Amino acid sequence: AQSVTQLGSHVSVSEGALVLLRCNYSSSVPPYLFWYVQYPNQGLQLLLKYTSAATLVKGINGFEAEFKKSETSFHLTKPSAHMSDAAEYFCAVSGANAGNMLTFGGGTRLMVKP
Amino acid sequence: GAVVSQHPSWVICKSGTSVKIECRSLDFQATTMFWYRQFPKQSLMLMATSNEGSKATYEQGVEKDKFLINHASLTLSTLTVTSAHPEDSSFYICSARKTGGPNQPQHFGDGTRLSIL
């Protein structure tokens, strides 16, 4: 079984401030982890993925995430928030389960204040 | 690369109408496609997994006769909401995954907003 927990359904930061979106997972097999971003009325766009290579993963738009096995975490960060980063962010895990499905966290809405 | 096109983006129709939503992988072949439903301010709920050339696998609680899925080619899957009612109004999103297993990300369409009057 696998699951994902995103702490904080809403996160608000000032423009230029550090962005930290938290994701913890559970998986009975080595996980593959993903972060997606969703803008209003759109589908999901892949930000980055962890697939057992480097534990620090760099993605698009200046985002990165670090896989920490001991903490079962895969938090998403960005050094300096832009107004355009305001969106919904989803952490997801997949593994060698039936159908190799993605299991999503509940999502975190990032708000960026000017 | 890895573009998924979903059509239509918005549908408004009367109760009792059947609505077909198409999901196409434009620049890659997708053995597996997924259909999700998303309610406002909520995460995605997997409805079914669509495998090319075989029957779809539906999640518990999803009526297969209500939500018909066809995956006739490696680049096209369709979801038909039969005899739609207002409670079927939602945002439906498809995704497609390249062959290669769980380490391959799913690539998502832009979603279809379905409004049943």
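Preceding block: the structure.
Each value, and the rule that gives it
- Residues numbered from 1 in each chain as written.
- Chains lettered and ligands numbered in written order.
- Predicted model: local features only at pLDDT ≥ 70, side-chain atom pairs only at ≥ 80, totals over all residues.
- Heavy atoms only, no water.
- Helix = DSSP H or I, 4+ residues; strand = E, 2+ residues; numbered from the N terminus.
- Rg over C-alpha atoms; globule rule 2.2 N^0.38 Å.
- Buried < 20%, exposed > 50% of the residue type's maximum accessible area, 1.4 Å probe, protein only.
- Contact = heavy atoms within 4.5 Å.
- Areas by Shrake-Rupley, 256 points an atom, 1.4 Å probe, with all protein chains shown as cover.
- Lys, Arg positive; Asp, Glu negative; His and termini not counted.
- Charge placed at Lys NZ, Arg CZ, Asp CG, Glu CD.
- Disulfide = S-S within 2.5 Å.
- Pairing = 2+ DSSP bridges.
- Axes fitted to C-alpha atoms, helices over the stretch in contact; angles between N-to-C directions.
- Salt bridge = Lys/Arg side-chain N within 4 Å of Asp/Glu carboxyl O.
- Polar contact = N/O pair within 3.5 Å; in protein donor to acceptor, adjacent residues only side chain to side chain.
- 1 Å grid on protein atoms, 1.4 Å probe; cavity = no way out; pocket = protein on both sides within 12 Å on 5 of 7 lines; lining within 4 Å.
- Points joined across faces, edges and corners; volume = space filled by probe spheres on them.
- Nonpolar A, V, L, I, M, F, W, Y, C, P; charged D, E, K, R; others polar.

1. A word on the overall build of chain A
Moving on, step 1. Counting its regular elements, chain A contains zero helices and twelve strands.
Moving on, step 2. Listing the helices and strands of chain A from first to last along the sequence gives β-β-β-β-β-β-β-β-β-β-β-β.
Moving on, step 3. Taking 2.2 N^0.38 as the reference for a compact globule, 114 residues should give roughly 13 Å; the C-alpha atoms of chain A span a radius of gyration of 14 Å, in line with that estimate.
Moving on, step 4. In terms of overall dimensions, chain A has a C-alpha envelope of 45 × 30 × 20 Å along the principal axes.
Moving on, step 5. Here chain A holds 114 residues, and 44% of them are scored as buried.
Moving on, step 6. Taking the contacts inside chain A whose residues are at least 6 apart along the sequence as the reference set, 56% of them involve residues at least 24 apart.
Moving on, step 7. Total accessible area on chain A stands at roughly 5300 Å², and carbon and sulfur atoms take up 55% of it.
Moving on, step 8. Within chain A, the 6 negative side-chain charges are centred at a point lying 3 Å from the centre of the 8 positive side-chain charges.

2. A closer look at the state of the cysteines
Moving on, step 1. Evaluation of the coordinates by the stated rule reveals two disulfides over all chains.
Moving on, step 2. The disulfide bridge from Cys23 of chain A ends at Cys91 of chain A, spanning 2.0 Å between sulfur atoms. Taking the torsion about the sulfur-sulfur bond, which here is approximately -60 degrees, the covalent link between Cys23 of chain A and Cys91 of chain A counts as left-handed. One end of the pair, Cys23 of chain A, is in the loop between β3 (19-21) and β4 (24-27); the other, Cys91 of chain A, is in strand β10 (residues 87-94), and 68 residues separate them in sequence.
Moving on, step 3. Since its relative accessible area comes to 0%, Cys23 of chain A is described here as buried.
Moving on, step 4. A relative accessible area of 0% places Cys91 of chain A in the buried class.
Moving on, step 5. There is a disulfide in this structure between Cys23 of chain B and Cys94 of chain B, and the S-S distance comes to 2.0 Å. Disulfide Cys23 of chain B to Cys94 of chain B: torsion about the S-S bond roughly 80 degrees, handedness right-handed. Highlighted residues: Cys23 of chain B in strand β3 (residues 19-25) and Cys94 of chain B in strand β9 (residues 90-97), separated in sequence by 71 residues.
Moving on, step 6. For Cys23 of chain B, a relative accessible area of 0% corresponds to the buried category.
Moving on, step 7. Using a relative accessible area of 0% as the deciding quantity, one classes Cys94 of chain B as buried.

3. Thoughts on the sheet that holds strand β7 (residues 67-73) of chain B
Residue and element names in this part refer to chain B.
Moving on, step 1. Spatially, four strands are ordered β1-β3-β8-β7 in an open sheet, and the strand pairing comes out antiparallel. The open sheet is flanked by β1 (4-7) and β7, the only strands paired with a single partner. Sheet twist, expressed as the average angle between the axes of neighbouring strands with direction ignored, equals 15 degrees.
Moving on, step 2. Two strands pair when backbone bridges link them, and β7 and strand β8 (residues 76-81) are joined in this way by five bridges, in the antiparallel orientation. Counted as the bridge partner of Ile69 is Leu79 from β8.

4. Details of the interface of chain B and chain A
A common way to state how big an interface is: give the accessible area lost once the parts meet.
Moving on, step 1. Listed per partner, the contact involves 23 residues of chain B and 22 residues of chain A.
Moving on, step 2. Taken together, the connections running from chain B to chain A amount to zero salt bridges.
Moving on, step 3. Joining chain B to chain A, the criterion identifies five residue pairs in polar contact (both at pLDDT 80 or more).
Moving on, step 4. Listing elements by their share of the side of chain B that touches chain A, those giving two or more residues are β4 (32-38), β5 (44-51), β9 and β10 (106-108) of chain B.

5. Digging into the layout of surface pockets
Residues and elements named next belong to chain A.
Moving on, step 1. Approximately 300 Å³ is the volume attributed to the largest pocket.
Moving on, step 2. Among the elements that take part in the lining of the largest pocket, β10 stands out by supplying three residues, more than any other.
Moving on, step 3. Of the residues belonging to the lining of the largest pocket, the class tally is seven nonpolar, five polar and four charged.

6. Topic: the pairing of β9 of chain B
All names here are of chain B.
Moving on, step 1. Among the eight residues that make up β9, eight are buried, leaving the element largely enclosed by the rest of the structure.
Moving on, step 2. Along β9, one buried face is formed by Ser90, Tyr92, Cys94 and Ala96 and the opposite face, lined by Phe91, Ile93, Ser95 and Arg97, is buried too.
Moving on, step 3. The sheet contact formed by β9 and strand β11 (residues 112-116) spans three bridges and is antiparallel. The partner of Ser90 across the bridge, within β11, is Leu114.
Moving on, step 4. Direction of pairing for β9 relative to β10: antiparallel, over a ladder of three bridges. Each residue of the ladder has a partner; that of Arg97, found in β10, is Gln106.

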